[in-house]
Amino acid sequence: MLKKRDLHDAPILFPLLNDQAVKPYVREKAETIEEYYFFLNKMMIQEENGELISRTIVDEWDAPIGAITLYDIQDQMGFLATWIGKPYFGKGYNQYAKDLFLRELFLEKDIEVVFLKVNKVNERSLNAMKKIEYAVHASEHYPAIHEQINRGSKKYELFAIYKDAFIFHLHEQEQDTYGELEA
């Protein structure tokens, strides 16, 4: 469901990324396929340098359908960004990819807090946030970060996922599964 970023995925991801249902809401901006190759290459170098962690989201046939990235990593914290191509909207890929990625970040990497900034006009993303029971509004706990992300013309809601809350969520899932198996 997730794999390391690969330049070979650019021809499949580029048209998905440039769809008007996706493009206005993503950090991965490129007007040409060549620009996108350059962008992906830069991201792969940034990951090697510990500045970000990025994965390509793939469907059940290993076809690239989007991306998930932890940007701006500092002090064991970073900003999560994810996008899925329009043909894959509403099929559960986004939530599944977030779950896998958060497992990697919190259990395999040295990450303690994952921030999510959601554009206030992006109804799809705001509704998706309601489905993540372990994410909390973080504006009051991180006022400087909230102010920083809202300096421009676009306005954002700030959410946080804490490592402890996510691990508790995993434990609860395991208990539910164990209980179902005993019944």
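Refer to the structure printed above.
Residues numbered from 1 in each chain as written. Predicted model: local features only at pLDDT ≥ 70, side-chain atom pairs only at ≥ 80, totals over all residues. Heavy atoms only, no water.

As a further point, take the sheet that holds strand S4 (residues 77-84). As summarised here, the arrangement of the seven strands in space is S1-S2-S3-S4-S5-S7-S6, forming an open sheet in which the pairing is mixed. In the strand order of this sheet, the two ends are held by strand S1 (2-4) and strand S6 (135-137), each with one partner. Sheet twist, expressed as the mean angle between neighbouring strand axes with direction ignored, is 30°. Sheet topology note: the S6/strand S7 (residues 156-162) ladder contains three bridges and is antiparallel. Bridge pairing links His137 to Phe159 in S7. This element, helix H1 (residues 10-17), spans strand S2 (53-58), strand S3 (64-74) and S4 of the sheet and lies at about 85° to S3. Along the sheet face, helix H3 (residues 93-108) touches S1, S2, S3, S4, strand S5 (113-119) and S7 and points at about 40° away from the line of S3. (Pairing = 2+ DSSP bridges. Helix = DSSP H or I, 4+ residues; strand = E, 2+ residues; numbered from the N terminus. Axes fitted to C-alpha atoms, helices over the stretch in contact; angles between N-to-C directions. Contact = heavy atoms within 4.5 Å.)

In terms of burial, S7 is largely enclosed, as five of its seven residues are buried. As paired strands, S5 and S7 are joined by seven bridges and run antiparallel to one another. By the bridge assignment, Lys117 is partnered in S7 with Leu158. (Buried < 20%, exposed > 50% of the residue type's maximum accessible area, 1.4 Å probe, protein only.)

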